[in-house]
Amino acid sequence: MSNNGTHSVPDQGGGREAASRPGPRPYWIGLLVIAMGAIWLYGASELPQGARYAAVGPGLFVTVTGAGLVILGAILVLQIWRGERFEPQDAEDAAANSPMDKRAFITALVAVFLPVVIMPPLGMPFTATVAFALVCRAFGSKRLLMDIAIGAVLGSLAWVLFTQLGLQLGRFFPPLGV
């Protein structure tokens, strides 16, 4: 692997090597990661970085995550610029030549953005249940009822634990007044 994005291939005719032309570089991936980090940092600016009862507030974790995404995105852009090739590793269970599963990708994307819309009116546990089931479906799970049950338990447990820590997450399930 070379750093300039090209690699040599033997010429069939005279034994000379010809440089193969690199394909388009996916800078958009790194830029998307940087943009996600910037969105997290913007959201963190609205949250308190510290709290009265503890030195660490909810904004700190969002700030660290956003900064991490920006840094990792910048590293990714640098690697793409240097010509780094990203290929499946032997340890990964990935078929290098198979196309991306767009349905799974869109399902996972919906699971990530859906909480923004449904958490305020439906509450955290229900939102976590739906998001968990969608992510499981995106990863190929066929056990919808089991995924919903696990998501409900995890979402409810997270709501209870965060409520015990004093975070105001709203009601458990607002449509029922609970």
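About the thresholds
Residues numbered from 1 in each chain as written. Predicted model: local features only at pLDDT ≥ 70, side-chain atom pairs only at ≥ 80, totals over all residues. Heavy atoms only, no water. Phe/Tyr/Trp six-rings, centres within 6.5 Å; stacked < 30°, edge-to-face > 60°. Helix = DSSP H or I, 4+ residues; strand = E, 2+ residues; numbered from the N terminus. Buried < 20%, exposed > 50% of the residue type's maximum accessible area, 1.4 Å probe, protein only. Expected span 1.5 Å × (residues − 1). Contact = heavy atoms within 4.5 Å.

K.L.:
What am I meant to see in the packing of aromatic side chains here?
P.N.:
Given two aromatic rings, their pairing is described by the distance between the two centres and the angle made by the two planes. Applying the stated criterion to the full structure yields two aromatic pairs. Judged by centre distance (5.7 Å) and plane angle (55°), the ring pair of Phe-126 and Phe-173 falls under tilted. Here Phe-126, found in helix α4 (residues 124-138), pairs with Phe-173, found in the segment after α5 (144-164); they are 47 residues apart in sequence, far enough to count as distant. We classify Phe-126 as partly exposed; its relative accessible area is 35%. Relative to Phe-172, the ring of Trp-159 has its centre 5.1 Å away and its plane inclined at 80°; by these criteria the two rings are edge-to-face. With Trp-159 in helix α5 and Phe-172 in the segment after α5, this pair connects stretches of sequence that are 13 residues apart.

K.L.:
I'm lost on the environment of Val-130 in this one. Help?
P.N.:
For Val-130, the location among the structural elements is in helix α4. With a relative accessible area of 23%, Val-130 lands in the partly exposed category. Considered as a pair, Val-130 and Ile-118 are 12 residues apart in the sequence and their alpha carbons are 9.7 Å apart.

K.L.:
Can you walk me through helix α2 (residues 58-81) in this structure?
P.N.:
Residues lying three or four places apart along an α-helix face the same way, a consequence of the helix completing one turn every 3.6 residues. Here α2 contains 24 residues, and its C-alpha end-to-end distance of 35 Å stays within 8% of the 34 Å for a straight helix at 1.5 Å per residue. For α2, every residue scored as buried is listed here: Gly-59, Gly-66, Leu-69, Gly-73, Leu-76 and Ile-80. Residues of α2 that are buried sit in contact with α1 (27-44). Looking one or two places after α2, you find Gly-83, whose phi comes out positive at around 95°.

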